[in-house]
Each structure stands twice: as C-alpha cells, then as structure tokens.
Amino acid sequence: FAQEANQFPRIDLDVLPNGRLDHYAVNGPGIVHENMDDETVIINTRTGAYYTANGYASLIWNAIVDGYPESRIVSAFAAAAIFPADQKIVERFVKSLVAERLITRSETGETGRRGDLRVDGRFGTLAPVLARYPEPRQLIRLDPVRGINQQAGWPHPPATNDVGSQASVFGSTS
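About the cut-offs
- Residues numbered from 1 in each chain as written.
- Predicted model: local features only at pLDDT ≥ 70, side-chain atom pairs only at ≥ 80, totals over all residues.
- Heavy atoms only, no water.
- Helix = DSSP H or I, 4+ residues; strand = E, 2+ residues; numbered from the N terminus.
- Buried < 20%, exposed > 50% of the residue type's maximum accessible area, 1.4 Å probe, protein only.
- Contact = heavy atoms within 4.5 Å.
- Areas by Shrake-Rupley, 256 points an atom, 1.4 Å probe, with all protein chains shown as cover.
- Salt bridge = Lys/Arg side-chain N within 4 Å of Asp/Glu carboxyl O.
- Core = buried A, V, L, I, M, F, W, Y, C linked by side-chain atoms within 4.5 Å.
- Polar contact = N/O pair within 3.5 Å; in protein donor to acceptor, adjacent residues only side chain to side chain.
- Pairing = 2+ DSSP bridges.

Asker: Would you explain the overall build of the chain in this entry?
Answerer: Helix and strand counts for the chain come out as four helices and seven strands. Counting all 174 residues of the chain, 36% fall into the buried class. Look at the contacts in the chain between residues 6 or more apart in sequence, and 66% of them connect residues 24 or more apart. Total accessible area on the chain is roughly 11600 Å²; 52% of this is exposed by carbon and sulfur atoms.

Asker: Would you take a moment to explain the pattern of salt bridges for this structure?
Answerer: Once their charged atoms are close, side chains differing in charge can pair, the charge on each being opposite to the other. With the rule as written, the count across this model stands at four salt bridges. Put simply, aspartate 38 and arginine 122 hold a salt bridge, and the shortest N to O gap is 3.5 Å. With aspartate 38 in the loop between strand 2 (31-36) and strand 3 (39-44) and arginine 122 in the loop between strand 5 (103-105) and strand 6 (130-133), this residue pair connects regions lying 84 residues apart in the sequence. Its relative accessible area of 36% is what places aspartate 38 among the partly exposed residues. Aspartate 120 serves as the salt-bridge partner of arginine 122, at 3.1 Å between the closest nitrogen and oxygen. Its relative accessible area of 51% is what places arginine 122 among the exposed residues.

Asker: For this particular structure, what's the right way to read the nonpolar core?
Answerer: A general feature of soluble globular proteins is that nonpolar side chains tend to end up buried together. Among the nonpolar cores identified, the biggest contains 30 residues, and Ile60, Ile64, Ile73, Phe77, Leu97 and Leu102 are the most heavily contacted of them. Those elements giving two or more residues to this core turn out to be strand 4 (50-54), helix 1 (56-65), helix 2 (70-80) and helix 3 (89-99). For this core, the element with the highest residue contribution is helix 1, accounting for seven residues. Beyond its immediate chain neighbours, meaning those up to four positions away, phenylalanine 77 contacts Tyr56, Leu59, Ile60, Ile82, Phe83, Val90 and Val119.

Asker: I tried to follow the side chain of serine 96 on my own but got confused; where do I start?
Answerer: Mapping serine 96 onto the fold places it in helix 3. The class of serine 96 is buried, set by a relative accessible area of 7%. Within the structure, the side chain of serine 96 is placed 2.6 Å from the backbone oxygen of phenylalanine 93, a separation counted as a polar contact.

Asker: Explain the pairing of strand 2 here, please?
Answerer: Regular strands place their side chains on alternate faces of the sheet. By the bridge criterion, six bridges tie strand 2 to strand 3 in an arrangement that is antiparallel. When the bridges of strand 3 are listed, glutamate 34 appears paired with valine 41. The antiparallel pairing of strand 2 with strand 3 creates a hairpin that spans two residues between the two strands, and aspartate 37 there sits at a positive phi of about 55 degrees.

Set out below in structure tokens:
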C-alpha cells in the first residue's frame, strides 16, 4: 500500500420528497361512488359494503377523485382554519379511506390537479366521517318499523350483541 491515502470524491445528496406518494386514486373499478348534494355514497362491489361521506368527508373524497394530492387538501383545510392542524383530522380521514381499501396510493406519477382547492366553513367544525354499512342484504332484512335503533332511525339496527350488523364510523375523533 502506498503511504498516501486515496480520497474518494465527496457527494452531497439532497433527498427530495417524492410527490407521487402524496397522490391517491380510487382502488380500481370495484369501487363506485355517486355524489348527491353534500353527500357521497361509496360502494365496494367486491365486499358489498357501502359507505357515506357527508360534508367535509365528501369534499375530501371528491378532491382525491379529482387528483388533488393529500398535501394540497391538508393545506386547503389549514388555510380555512377549520380544524386545529395538530389534530391531523384530514390525514386521519384519508387513512380511514386507505384502511377500508377504497383508495390506494397512486403509482402512475400523475401530477394531479393544478387549480386551487378552496374549503369554506359551510359545515362548521364537523369532522369528516366515513360511515360504513354492512352488505345491502343485511339492510333489507331489517324491519324498518320495529328493527331499528330508536335514536338513530333506519338503517341503523337496534343495539344488540350483533356488532357486525351495525354501521361503524371511521375518521371520528376519539
């Protein structure tokens, strides 16, 4: 070995965030949705479950469908100062959509929408909630007069030990 040490060139790399990981898309053709005023009904045709997203939940769903990245949706809510940023309400709602396999990270590299996304305060501070309902066959079996939850009404079954037949709610603050 020679006395002098060989020096390798120093390379400084800046790691930039991958913008594509911030985009989501509807999880395939088995997920269908329809907007009605300030509500979106989402059906997973693979499992038979259906969901409702009202108010801000519907707005977030439609922003994702329209190609807005999660960071832009979060920024729009932060600019409107509707929810405290430290509670990460929008991020938790997006995670609930992923957990239910309604959306998936987009790997296509799409850049998404370029226009501004604006959020107004028309729904107050009502946190976005994804309500999940069982298969429609289970709903059809409910008696709309006697087989309902007296406080929630139809299509919510009475409180019983059968937790699987009740609607479950995702994205709510707990």
